[in-house]
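Inside the fold
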Amino acid sequence: MGNHSVLQVGPLKPSLAHTLAVDYAAAVLPDSAAERADFLARRGADFTAVVTSGRTGVDAALMSSLPNLGAVINFGVGYDTTDVDAAEARGVGVSNTPDVLTDCVADTAVGLMIDTLRQFSASDRYVRAGRWPVDGSYPLTRQVSNTRVGIIGLGRIGKAIARRLSAFGCDISYHNRHEIADSPYTYAASPVELASNVDVLIVAAAGGDGTRGLVSREVIEELGPRGYLINIARGSVVDEDALVEALLNGKLAGAGLDVFADEPKVPEELFGLNNVVLLPHVASGTEQTRAAMEALTLRNLDSFLATGNLVTPV
Ligand code: 8YV
């Protein structure tokens, strides 16, 4: 490993944290501000590689306390918590874990859409509360097959969602930074235009400043009282206040959310709504996918330590 030294920033999957500690003698950045300042003043110059996750990331201030940093290796496909502009300016490489989680995240989007429209989680609560024998049949819900679905962000994950929902007979359109040549799906020039033509809007765009509030109050209004919003991307992409307001006032038919603006905080006003499904950011959370993400994280680290290059740079 030469003169390399590895720093863990933020909590990681326990097996990954263990490997970093045992096989790489990695240090862990302290949580408390006072300890952290002292630690960085003493040891900041030691580290050439950081391993972190999308939950934590490395901001510009932390980067400047690590003057010899060469790489930020991110466990997760989303890296919006790391300041990539600051990294680029300092010549620090950033890697993520694309592809290996695409299937699980797309599965979650479809599962969340079905649960939201068909209210399976709410129906389950109905059974468990002993209401079936007392109150009779569960109210009718909304059909999933053959709906019009709009996808915001037709990247790897967006495309995997589109492929799955095509098999459900859904009519797929999308909005993306650029129209995709030869795409079988209909392009909409703006999120508002997309929202006005679909029953379900699925958010699959990367987070960060470029997409903040892309699903605005206006987009939510356009989706309207018969429309559903599904978000498996980042809470920052949606105006959460506008979303909560629309759901509470019947201005949106329902929402399925795996991500939130300020995790792990979830707007409690939504807890009583059966047309809303709330998940604790679990889209990639299977043993198989997390093991693959861990392996790719370590491949990036090994490659950087051996050659200075990352396997999956962003
Ligand atoms: C992870 C994710 O839960 O990959 C991402 O961007 O949001 C999830 O797969 C998260 O990054 C791990 O902390």
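Scroll up to find the structure this text is about.
What comes next concerns the included structure. The residue numbering used here restarts from 1 in each chain and proceeds along that chain's sequence as written. Given that the model is predicted, a residue must reach a pLDDT of at least 70 before its local features are reported, and side-chain atom pairs must reach 80 or more before they are shown or counted; all residues, however, enter totals for whole chains, interfaces and linings. Side-chain calculation: all heavy atoms of the structure are included, whereas hydrogens and water are not.

**Let's talk about unusual backbone geometry**
The amide bond that connects Glu-263 to the next residue, Pro-264, takes the cis arrangement and shows omega of 5°. With respect to the secondary-structure elements, Pro-264 resides in the loop between β11 (254-257) and β12 (276-278). Backbone geometry at Gln-119 places phi at a positive 55°, although glycine is not the residue there. Helix and strand assignments come from DSSP, with helices taken as H or I runs of at least 4 residues and strands as E runs of at least 2, each series counted from the N terminus. Here Gln-119 is to be found in the loop between α5 (102-118) and α6 (120-128). Look at Asp-182: it is not a glycine, yet its phi comes out positive at around 65°.

**Topic: the site of the ligand**
Val-77, Gly-78, Arg-234, His-281 and Ser-284 are the nearest of the 13 residues found near the ligand. Counted as a polar contact is a pair of N or O atoms within 3.5 Å, where, for protein atoms, one must be capable of donating a hydrogen and the other of accepting one, and residues adjacent in sequence contribute only when both atoms are in side chains. One of the side-chain nitrogen or oxygen atoms of His-281 is found 2.7 Å away from an oxygen atom of the ligand. Each accessible area is a Shrake-Rupley result for a 1.4 Å probe, and residues are judged covered by the shown protein chains and nothing else. Out of a free accessible area of 330 Å², the ligand has 89% covered by protein chains. In the shell around the ligand, the residues fall into four nonpolar, six polar and three charged. One heavy atom within 4 Å of a molecule or strand is enough for the residue carrying it to be called near that molecule or strand. Note that Gly is not counted as nonpolar here; it falls among the polar residues with everything else outside the nonpolar set of Ala, Val, Leu, Ile, Met, Phe, Trp, Tyr, Cys and Pro and the charged set of Asp, Glu, Lys and Arg.

**Here's the deal with the packing of aromatic side chains**
Any two of the Phe, Tyr and Trp rings considered here, Trp counted by its six-membered ring, make a pair once their centres fall within 6.5 Å; the pair's planes then place it as stacked at under 30 degrees, edge-to-face at over 60, or tilted in between. Taken as a whole and judged by the stated rule, the model has three aromatic pairs. Ring geometry for Phe-39 against Phe-47: centres 5.8 Å apart, planes inclined by 20°, an arrangement best described as stacked. Buried residues are those whose accessible area, probed at 1.4 Å on protein chains only, stays under 20% of the maximum for their type, while exposed residues exceed 50% and partly exposed ones sit between those limits. For Phe-39, a relative accessible area of 8% gives the class buried. Taking the relative accessible area as the measure of exposure, Phe-47 reaches 0% and is therefore buried. Between Tyr-126 and Tyr-138 the ring centres are 5.2 Å apart and the planes differ by 90°, which places this aromatic pair in the edge-to-face class. Residue Tyr-126 is found in helix α6, and its partner Tyr-138 is found in the loop between α7 (131-135) and β6 (148-152); the two are separated by 12 residues along the sequence. This pair shows no difference in class: Tyr-126 is buried, exactly as Tyr-138 is.

**Details of the pattern of salt bridges**
The working definition used for a salt bridge is a side-chain nitrogen of Lys or Arg within 4 Å of a carboxyl oxygen of Asp or Glu. A complete count under the given rule lists 14 salt bridges for this structure. Between Arg-156 and Asp-99 there is a salt bridge, with the nearest N and O atoms lying 2.9 Å from each other. With Arg-156 in helix α8 (residues 156-166) and Asp-99 in the loop between β5 (93-95) and α5, the pair connects residues that are 57 residues apart, well separated along the chain. By sharing partners, the salt bridges in this structure join Asp-103, Asp-107 and Arg-164 into a single network.

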